[in-house]
Amino acid sequence: MLTSNQQLIALEVRNKAQFNKVSELDLSAQKPPRHPSQFEDSKKKRHQKEENINKVSLPSLPNIKKMDIGGNELLPKQNMINYGNGLRIQSRLPKLEPKSEIPRPQYRSNDPGARHHPEESPQYQSVTPERRQQQSPDRQQLTINKKRLLAKTCGLGQFSHRTKPGCLPNKTIKTNQDSAITFPSNIEQLGYNLVAICDGHGLNGHLVSQFIKQALPKYIEYHLEENNIRLSLIKAFEQTNKEIWNSEVDTALSGSTTVALLCKRDQDVIRLWSANVGDSRAILCRNQDGWRAIELSIDQKPSRQEEKQRIINFGGRVECQKDFYGNSVGPERVWLQYVDAPGLAMTRSMGDKIGAQAGVIAEPEILEFTTQPSDKFIVIASDGVWEYLTNEEVMQVVIPYYEKENIDLAADRVVAESIAAWKRHSLSRDDITCVVVYLK
């Protein structure tokens, strides 16, 4: 018998012989048969995919055949577009003619003796302002005449009206709270002429001034009595103010000043009645031994002694506004006795319910005048004009335009000078409204 070691050695030899026999077997016969055609097709598809990745994809075109188009005899060669894939379709764009084939217009000269060259293009020369003035010396005069035609006529002569909204210190444009009443027809039918300026203030000041513009002419017409013009104007103003109080407009701290001129022509003279509530103003300019400005209204401000006394007697208070340190700032204003409100810079106003508790009234101050042949024009404006310009300065602005009869330009110039004055004195600007009336 074999020992245990000899048995182990014989077992290892037998296992090694079996492993060598298995490795010598041909396993290729057990693999599935190879199909060359399928292999080549898959290889071609792989190459086509790689080529398609490098190409730009184009939209598919309809399969249009040559017979569908109609043949070459119907489509000119230049109207066919070849897309490079054998398809040719008709172009929708029209044929552009060469520049040389476009017919040129024939420019003819006004001179019959001048030669005509149809192929030559006209020569345009630049026109400078000097050359324009030489070619048409009356052009500037024609422009002025057009401006004259823009001026409106009234029973007193001609007038022009201009307005400009104010701005805040940051140059933000405010809502224009000024309104102008310029010769309404209902008053002219009675043989009178009415012109007025309304300057609103407060949050709803523009609504109050517009309300006065609509209501005041109506109530003047209703109360007008030729025998007592003064009482008629007072009644019209008071009824207009009552309507404002009863309206839906909040007028607790909002109101408007109003200066109105009621005029009637009597042969060669004009009778004027001025009704003023607040600090808007009207002046009459007279040329007699030199130019002179005559005030048709008096500003009703707390600095006016009789107005200040009336406020104090009513129970109000007149003081300047105070800063953080208690120093006086700005003009004198109207306040309640124990409350720092409303702080109005005028003693009469329409609206302003809280101001009425301090003595602010809507009764107008009536003045009567009769014009002379030397009276030339009237200027009526809001306090935006009179804040930094005196009566004489405004008159001197209008005089050159009056002499040249440039009616429309006069109101423009007054507004422009007022804006320049505000720029010199303040960062902000009040609303500016002006009406210039030329008397004839």
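Above this text sits the structure in question.
Residues numbered from 1 in each chain as written. Predicted model: local features only at pLDDT ≥ 70, side-chain atom pairs only at ≥ 80, totals over all residues. Heavy atoms only, no water.

(A) Highlighting unusual backbone geometry. Look at the link from Ala 341 to Pro 342: it is a cis peptide, with omega at 0°. One can find Pro 342 in strand 13 (residues 342-344). One non-glycine residue, Phe 183, lies in the positive phi region at around 50°. Relative to the elements of secondary structure, Phe 183 occurs in the loop between strand 5 (178-182) and helix 6 (185-188). Residue class for Phe 183 comes out buried when judged on its relative accessible area of 8%. A positive phi angle, close to 60°, is found at Gln 267, a residue other than glycine. Looking at the element boundaries, Gln 267 is found in the loop between strand 7 (255-266) and strand 8 (269-277). (Helix = DSSP H or I, 4+ residues; strand = E, 2+ residues; numbered from the N terminus. Buried < 20%, exposed > 50% of the residue type's maximum accessible area, 1.4 Å probe, protein only.)

(B) Structural view of the environment of Trp 245. Locating Trp 245 in the fold gives a position in helix 8 (residues 229-246). Setting aside anything within four residues of it in sequence, one finds Trp 245 in contact with Thr 251, Gly 351, Lys 353 and Ala 356. (Contact = heavy atoms within 4.5 Å.)

(C) Local environment of the packing of helix 7 (residues 205-223) against helix 8. Packing of helix 7 against helix 8 brings their axes to within 8 Å, and their N-to-C directions diverge by 140°. Judged by the inter-axis angle, helix 7 sits oblique to helix 8. Here helix 7 and helix 8 pass one another in a crossing that is right-handed. Here Val 208, Phe 211, Ile 212, Ala 215, Leu 216, Tyr 219, Ile 220 and His 223 of helix 7 come into contact with helix 8, specifically with Ser 232, Leu 233, Lys 235, Ala 236, Phe 237, Gln 239, Thr 240, Glu 243 and Ile 244. (Axes fitted to C-alpha atoms, helices over the stretch in contact; angles between N-to-C directions. Parallel < 35°, antiparallel > 145°, perpendicular 65-115°, else oblique. Left-handed = near helix turned anticlockwise from the far one by under 90°.)

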